[in-house]
Amino acid sequence: MRHASTRTAKRLGLLSGAAALAVTGASLLPQQAQAGPGDFQRGPAPTEQSITAERGPFATAQTTVDGPNFNKGTAYYPTDTSQGTFGAVAISPGFLSPEAVVSWYGPRLASQGFVVLTLETNSGTDQPDDRATQLVNALDFLVQSSSVKNRIDPNRLAVMGHSMGGGGSLKASELRPSLKAAIPLMPWNNDKTWQGDRVPTMIMGAQNDAIASPASHAKPFYDSLTSAPEKAYLELRGEGHMVAISPNVTIAKYSIAWLKRFVDEDVRYEQFLCPAPAPNLQISEYRNTCPTG
């Protein structure tokens, strides 16, 4: 009888466990469990050709957005929803620059499997902190209220920006430490200390930048990122401050690799980041911690 009682107790325990699953809902269902390696991979395995191509494997569309806590912008997104949701990236232009100068990133990144919002800032003279607030507000709008919100994983967000927009992306990372990645491009900011920034960050500088020289901006920013779990510094050989406002294969390649590795947790892209690329005709300097430590 004792064995029968034990079996009965076990059956009751299993029933109560099943009831608990029903009560607690989807949070305990397998499809909502904590993501494992590869769960966010989107698209085929990358190659040098695919990551440097003008367009990636996803067809894209775009729509104008006008949020309540930022000016306006354009959302670019993959039309395919069969692979699940995508990470999202908000991008700010620099001082006195319109959205148009960063618009090339929209289809380029979206075709690789991201939802991308390029911003028209409230004012061309907005300072980095203002641009940071707008970047964060834009991401919130994307995931909460935009027409593309159902395409976005709200837990996989990133920021980019050029010049003061790049300085703003550093500040946005400080404001929103849950961000998965940041890519400041030729960043400008009077604040040189980012020890509290805990977001994986790739800073790109331009060797001949006379506006935000690497020695005064990008390199001190990189050195100060002592709390970032991963970081990299890429310096474009022979280029000036405005190199990021028109299509550039090197900027695109390493931006895609960084976003894929840290927003999508896609280790297939580590090959482009670690070991570090050696200086070449496009890159004058590269520093990093390597995604694998």
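Residues numbered from 1 in each chain as written. Predicted model: local features only at pLDDT ≥ 70, side-chain atom pairs only at ≥ 80, totals over all residues. Heavy atoms only, no water.

## Some remarks on helix α5 (residues 164–175)
Between its terminal C-alpha atoms α5 stretches 16 Å, which fits the 16 Å expected from twelve residues at 1.5 Å a residue. In terms of burial, α5 is a largely internal element, nine of the twelve residues being buried. Among all positions of α5, only Met164, Gly165, Gly166, Gly167, Gly168, Ser169, Leu170, Ala172 and Ser173 are buried. Packed against the buried residues of α5 are β3 (86–92), α4 (128–144), β5 (152–162), β6 (181–185), β7 (201–206) and α6 (218–224). (Helix = DSSP H or I, 4+ residues; strand = E, 2+ residues; numbered from the N terminus. Expected span 1.5 Å × (residues − 1). Buried < 20%, exposed > 50% of the residue type's maximum accessible area, 1.4 Å probe, protein only. Contact = heavy atoms within 4.5 Å.)

## Topic: the state of the cysteines
Summed over all chains, the structure comprises one disulfide. Here Cys274 is linked by a disulfide to Cys290, with a sulfur-sulfur distance of 2.3 Å. Between Cys274 and Cys290 the sulfur-sulfur dihedral comes to about 100°; the bridge is accordingly right-handed. In this pair, Cys274 sits in the loop between α7 (249–262) and β9 (283–288) while Cys290 sits in the segment after β9, placing the two residues 16 residues apart along the sequence. In this structure Cys290 comes out as buried when scored by relative accessible area, which is 15%. (Disulfide = S-S within 2.5 Å.)

## Section: the nonpolar core
Counting 40 residues, the largest nonpolar core has Tyr105, Met160, Leu185, Met204, Ile251 and Leu259 as its most contacted members. Excluding anything up to four places from it in sequence, Leu259 contacts Val89, Leu109, Phe114, Ala158, Met160, Ala181, Ile183 and Asp264. (Core = buried A, V, L, I, M, F, W, Y, C linked by side-chain atoms within 4.5 Å.)

## Quick look at the pattern of salt bridges
Applying the stated rule across the entire model yields twelve salt bridges. Note that Arg287 is salt-bridged to Asp223, the shortest N-O span being 3.2 Å. In this pair, Arg287 sits in strand β9 while Asp223 sits in helix α6, placing the two residues 64 residues apart along the sequence. The exposure class assigned to Asp223 is partly exposed, which follows from its relative accessible area of 46%. Put simply, Asp266 and Arg268 hold a salt bridge, and the shortest N to O gap is 2.8 Å. (Salt bridge = Lys/Arg side-chain N within 4 Å of Asp/Glu carboxyl O.)

## Some words on the packing of aromatic side chains
For the structure on display, the rule yields seven aromatic pairs. Relative to Phe262, the ring of Trp258 lies with its centre 4.5 Å away and its plane at 50°, an arrangement referred to as tilted. With Trp258 and Phe262 both in helix α7, this residue pair falls four residues apart, about one helical turn. By relative accessible area, Phe262 is classed as buried at 11%. When the ring centre of Phe40 is taken as reference, the NZ or CZ atom of Arg156 above it lies at 4.3 Å. A cation sits over an aromatic face here: Arg261 above Phe262, 5.2 Å from the ring centre. (Phe/Tyr/Trp six-rings, centres within 6.5 Å; stacked < 30°, edge-to-face > 60°. Lys NZ or Arg CZ within 6 Å of the ring centre and 35° of its normal.)

## With respect to the environment of Arg176
Relative to the helices and strands, Arg176 is located in the loop between α5 and β6. Residue classification places Arg176 among the partly exposed residues on the basis of a relative accessible area of 23%. On a C-alpha basis, the gap between Arg176 and Val199 in space is 8.7 Å, while along the polypeptide they are 23 residues apart.

## Some remarks on the packing of α4 against α5
Between α4 and α5, the least distance of the axes is 7 Å, while the angle of their chain directions is 60°. Of the possible angle classes, the one that applies to α4 and α5 is oblique. As for the relative orientation of α4 and α5, their crossing is right-handed in sense. Of α5, the residues touching α4 (which contributes Pro128, Asp129, Arg131, Ala132, Thr133, Leu135 and Val136) are Met164, Gly165, Gly167, Gly168, Ser169, Lys171, Ala172 and Leu175. (Axes fitted to C-alpha atoms, helices over the stretch in contact; angles between N-to-C directions. Parallel < 35°, antiparallel > 145°, perpendicular 65-115°, else oblique. Left-handed = near helix turned anticlockwise from the far one by under 90°.)

## Observations regarding the confidence of the model for the protein
Atomic detail in the predicted coordinates should be set aside for any region of low pLDDT. For the protein, per-residue confidence averages 90 on the pLDDT scale, and 87% of positions sit at 70 or higher. At the level of individual helices and strands, the protein shows its lowest average pLDDT in helix α1 (residues 2–24), which scores 38, and its highest in β6, which scores 99. Low pLDDT (under 50) marks residues 1–33, which in the prediction has three contacts with non-local residues, meaning those over four places away or in another chain. (pLDDT = per-residue confidence, 0-100.)

## Focus: the pairing of β7
With six of six residues buried, β7 lies mostly within the body of the structure. Burial of the side chains of β7 extends over both faces: Thr201, Ile203 and Gly205 are buried on one face and Met202, Met204 and Ala206 on the other. Bridging between β6 and β7 involves two bridges; their strand directions are parallel. Within β7, the residue paired with Ala182 across the bridge is Thr201. Sheet topology note: the β7/strand β8 (residues 231–236) ladder contains six bridges and is parallel. Following the sheet pairing, Ile203 is matched in β8 by Tyr233. (Pairing = 2+ DSSP bridges.)

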